[in-house]
Amino acid sequence: MPYKILNNIAVKDTSSVDLTSAKTSLLVITINKDTLKDADFKALDKASKGFLKNSISSHLKDEGSSLLLPKVNGIEAESIMMVKALNADAPLHKWLGSLKSITKQANKLKAKDISLLLSSSLPEGKDIFWMIENSAKTIESNAYIFTETKNKTVKNPTLKKLVIYGNDFSGANLKKAKDSAKKGFAIGEGVNTAKYLGDLPANHATPKIIEKKVKAMTKDFPNLKVKSFNEKDLAKMGMGSYLSVSKGSDEPPRMMVIEYKGGKATEKPIALVGKGITFDTGGVSLKPPQGMDEMKWDMCGAATVFGVMSTLARLNAKVNVVGIMACAENMCSAKATKPGDVVTSMSGQTIEILNTDAEGRLVLCDALTYVGKYKPKYVIDMATLTGAVVVALGRHASGVMANDQHLADMIIASGEESGDRAWQLPLWDEHQSCTNTSYADLANIGGGREAGTIHAAAFLSKFTTDYKWAHIDIAATASHSTPVKEGTGRPVPLISELLLSKKL
Ligand code: BES
Ligand code: MN
Ligand code: ZN
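> Explain the overall build of the chain to me, and be specific about the residues and the numbers.
Tallying secondary structure elements over the chain gives 14 helices and 19 strands in all. Its C-alpha atoms give the chain a radius of gyration of 24 Å, near enough to 23 Å, the size a compact globule of 504 residues would have. In terms of overall dimensions, the chain has C-alpha extents of about 80 × 50 × 45 Å along its principal axes. Here the chain holds 504 residues, and the buried ones make up 57% of them. Considering only contacts in the chain between residues 6 or more positions apart, those separated by 24 or more positions represent 77%. Accessible surface, the chain as shown: approximately 21100 Å² in total, 52% of it carbon and sulfur. The distance from the centre of the 65 positive side-chain charges to the centre of the 53 negative ones in the chain is 6 Å.

> Break down the site of ligand 1 for me, with residues and values.
Among the 15 residues in the neighbourhood of ligand 1, the closest are listed as Lys287, Asp298, Asp357, Glu359 and Gly387. Between Lys275 and ligand 1, the recorded distance is 3.2 Å, taken from a side-chain N or O atom to an oxygen atom. Within the backbone of Leu385, a nitrogen or oxygen atom sits 3.3 Å from a nitrogen atom of ligand 1. For ligand 1, whose free accessible area comes to 520 Å², the fraction covered by protein is 73%. Grouping the constituent residues of the shell around ligand 1 by class yields four nonpolar, four polar and seven charged.

> How would you explain the nonpolar core if you had to name every residue and give the values?
By size, the foremost hydrophobic cluster in this structure holds 90 residues, and its most contacted members are Ile114, Leu116, Met325, Ile380 and Ile411. Setting aside residues up to four positions removed in sequence, Ile380 forms contacts with Ala271, Leu272, Val273, Leu407, Ile411, Ala470, Ile472, Ile495, Leu498 and Leu504. The next biggest cluster of nonpolar side chains, apart from the first, holds 43 residues, and it includes Leu234, Val245, Ala328 and Ala456.

> Residues and numbers for the sheet that holds strand 17 (residues 469-473), please.
As summarised here, the arrangement of the eight strands in space is 7-8-10-9-13-17-14-15, forming an open sheet in which the pairing is mixed. For this open sheet the edge positions go to strand 7 (224-229) and strand 15 (422-424), each flanked by a neighbour on one side alone. Each adjacent strand pair in this sheet contributes to an overall mean axis angle of 20 degrees, direction not counted. As judged from the three bridges shared by strand 14 (residues 398-402) and strand 15, these two strands associate in the parallel manner. For Ser398, the partnering residue across the bridge sits in strand 15 and is Ala422.

> Which residues make up the state of the cysteines, and what values do they have?
What the rule picks out here adds up to zero disulfides. Free of any disulfide, Cys327 has its nearest neighbouring cysteine sulfur in Cys300, separated by 11 Å. Taking relative accessible area as the criterion, Cys327 reaches 0% and is therefore assigned buried.

> Requested: an account of the side chain of Thr464, with residues and values cited.
With respect to the helices and strands, Thr464 occurs in the loop between helix 13 (452-461) and strand 17. The contact partners of Thr464, leaving out residues within four places of it in the chain, are Leu368, Asn403 and Trp469.

> Any chance you could break down the packing of aromatic side chains for me, citing the residues and the numbers?
Per the stated rule, a full pass over the model turns up six aromatic pairs. Note on Tyr3 and Phe306: the rings are 5.9 Å apart at their centroids and 75 degrees apart in plane angle, and the pair reads as edge-to-face. Within this pair, whereas Tyr3 is found in the segment before strand 1 (8-13), its partner Phe306 is found in helix 9 (residues 300-315), the two being separated by 303 residues in sequence. Since its relative accessible area comes to 1%, Phe306 is described here as buried. Consider the rings of Phe146 and Tyr196, whose centres lie 6.4 Å apart with planes at 40 degrees: the pair is tilted. One end of the pair, Phe146, is in the loop between helix 4 (128-143) and strand 6 (161-166); the other, Tyr196, is in helix 5 (residues 171-199), and 50 residues separate them in sequence. This pair shows no difference in class: Phe146 is buried, exactly as Tyr196 is. Ring pairs connect the aromatic residues Tyr3, Phe146, Tyr196 and Phe306, which therefore count as one cluster. The ring centre of Trp297 lies 4.7 Å from the NZ or CZ of Lys296, which sits over that ring. We note Lys373 situated over the ring of Tyr374; from NZ or CZ to the ring centre the distance is 5.0 Å.

> An account of a positive patch on the surface is requested, with residue identities and associated values reported.
A contiguous patch of positive charge on the surface is contributed by Lys264, Lys268, Lys318, Lys375, Lys377, Lys468 and Lys502. Assessed through its relative accessible area of 61%, Lys318 is described here as exposed.

> Describe in detail the coordination of the manganese ion (ligand 2), supporting the description with residues and values.
The manganese ion (ligand 2) binds to the protein through Asp280 (OD), Asp357 (O), Asp357 (OD) and Glu359 (OE); the donor distances cover 2.1 to 2.2 Å. Relative to the metal, the six donor atoms surrounding the manganese ion (ligand 2) lie at angles of 71 to 167 degrees, and the coordination shape comes out irregular. Sequence spacing of the donor residues for the manganese ion (ligand 2), all on one chain, is D-x76-D-x1-E. A distance of 3.2 Å spans the gap from the manganese ion (ligand 2) to the zinc ion (ligand 3), which Asp280 bridges by coordinating each metal. Here Asp280 is found in strand 9 (residues 270-280), whereas its partner Asp357 is found in the loop between strand 12 (350-353) and helix 10 (360-371), with 77 residues between them in sequence. Take Asp280: its relative accessible area is 3%, and that puts it in the buried class.

> Can you explain the sheet that holds strand 12? Please cite residues and give values.
Working definition: the strands of a sheet are paired by backbone hydrogen bonds and lie parallel or antiparallel to each other. Pairing in this open sheet of three strands is mixed, and the strands run 11-12-16 from one edge to the other. The sheet terminates laterally at strand 11 (341-344) and strand 16 (442-443), the two strands that pair on one side only. Pairing analysis gives four bridges linking strand 11 to strand 12, with the strands arranged antiparallel. Paired with Thr344 across the two strands is Thr350, which belongs to strand 12.

> Quick one: what's the story with the coordination of the zinc ion (ligand 3), residue by residue and with numbers?
Lys275 (NZ), Asp280 (OD), Asp298 (OD) and Glu359 (OE) make up the full set of protein donors to the zinc ion (ligand 3), lying at 2.0 to 2.4 Å. Here the zinc ion (ligand 3) is ringed by six donor atoms whose angles at the metal span 78 to 171 degrees, and the overall shape comes out octahedral. All donor residues of the zinc ion (ligand 3) come from one chain, and their arrangement in sequence is K-x4-D-x17-D-x60-E.

Reading the values: the criteria
- Residues numbered from 1 in each chain as written.
- Chains lettered and ligands numbered in written order.
- Predicted model: local features only at pLDDT ≥ 70, side-chain atom pairs only at ≥ 80, totals over all residues.
- Heavy atoms only, no water.
- Helix = DSSP H or I, 4+ residues; strand = E, 2+ residues; numbered from the N terminus.
- Rg over C-alpha atoms; globule rule 2.2 N^0.38 Å.
- Buried < 20%, exposed > 50% of the residue type's maximum accessible area, 1.4 Å probe, protein only.
- Contact = heavy atoms within 4.5 Å.
- Areas by Shrake-Rupley, 256 points an atom, 1.4 Å probe, with all protein chains shown as cover.
- Lys, Arg positive; Asp, Glu negative; His and termini not counted.
- Charge placed at Lys NZ, Arg CZ, Asp CG, Glu CD.
- Near = heavy atom within 4 Å.
- Polar contact = N/O pair within 3.5 Å; in protein donor to acceptor, adjacent residues only side chain to side chain.
- Nonpolar A, V, L, I, M, F, W, Y, C, P; charged D, E, K, R; others polar.
- Core = buried A, V, L, I, M, F, W, Y, C linked by side-chain atoms within 4.5 Å.
- Pairing = 2+ DSSP bridges.
- Axes fitted to C-alpha atoms, helices over the stretch in contact; angles between N-to-C directions.
- Disulfide = S-S within 2.5 Å.
- Phe/Tyr/Trp six-rings, centres within 6.5 Å; stacked < 30°, edge-to-face > 60°.
- Lys NZ or Arg CZ within 6 Å of the ring centre and 35° of its normal.
- Patch = residues over 30% accessible without salt bridge, like charges linked within 9 Å, V, L, I, M, F, W, Y side chains within 5 Å.
- Salt bridge = Lys/Arg side-chain N within 4 Å of Asp/Glu carboxyl O.
- Donors = N, O, S within 2.8 Å, 3.2 Å for Na, K, Ca; no water.
- Tetrahedral: all angles 85-135°; square planar, octahedral: opposite > 155°, others 65-115°.

Here it is, written out as structure tokens:
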């Protein structure tokens, strides 16, 4: 599996091992006020002849700070990192950030493995199992390095193994701890799947190439069923809106449907629909050149579907989910759709395309009509849909809009639980009028400079009246350009949490 970085994540009780003689590249010790009294720490400190304890009192003062030590006499580990635990009321992003910096340090050291000794400190309201799950998830997803298109300067990830140590993992606790690690590992793998697909340059991830990768996935996960629709299939189904987007491109569109049935046969599925624009030039309504390369990440909604389906399959999750990846390339050419063109969507509604750069909603509306045939319990679409969401919410939260408040609430709660946060914007009847035009049933833009994110959702809502639906705008969260340009794999953690915790 190219998307999985670590080979193995294990959980062990410290009573079964002698940490002083553990052969490991990097021993990470989380320190809190109880550590000095802890038997495992005492044994390590004794072996170091008091060096660890002295280092803590002289060098490790602020919460969340860390200290990297080279080989310490008396202890087998090649390096030791001591991390001062955060206060319980520290926000989750700091806890996850601390795990991220441990992984980045391990990458820098070219460590082959990490041995992580957890302290009793936990974020408020979270238990040790949350900590184990999130350690596994965060370490797996931050061990990821994109290498595919590098030949001479390639740096492969070295990290292959994580062992999480605790001193309270006996009996049922150990089983639960192992399950938490397994869940976190599988979510981290899903995050990497999404990152990988997003990070691939657009000429290495056309709709056809993505189709191949999705089909290949069923070799590893025979419990996933994949159907793929080509241009002719889409035309037969009447998806005139979807096809108007790929019309200007030499790359044909592909819509992949991935079915996963882990729940009861009678249970209606939850549907995920992802925008998969493999490159968005804007079409005839061409984008300005600044940062246009970032439009290779315009398929991150589809990449999230791919990542989440792999996580469900790996865990044999007890849910029924259908995932749709709506892939197309938005180019300008002599064949391209022009502003003012009117097309007919699968729903029968006609659309006047006033701006060919508002293409995400044009592929999504037909995919959303199609998914109705599954009689889904809930439908969630994910899309890098509007630049306006970056302005509205900044880059830390995805934007949620819904026609069902329970669904919106559960999405936001899953964001809080996983640290992959989302926030709701209104979707009121007042917002609907902006899609009016004299030449078709709907226009694909409206509202001018006002509330662009909501108007995009209002457009989609005309295609989702038959079921409970939420739209997540991930334009601000799926990738970022600082401190480095990269995909984030979001919102795989949020969606995985939502589905696995059976909140719906
Ligand atoms: N893919 C873009 C949205 C986007 C912008 C994603 C920035 C990531 C970062 C989308 O297709 C788009 O172009 N939206 C337009 C809509 C407008 C024409 C109504 C936008 O946001 O400008
Ligand atoms: Mn666009
Ligand atoms: Zn786009």
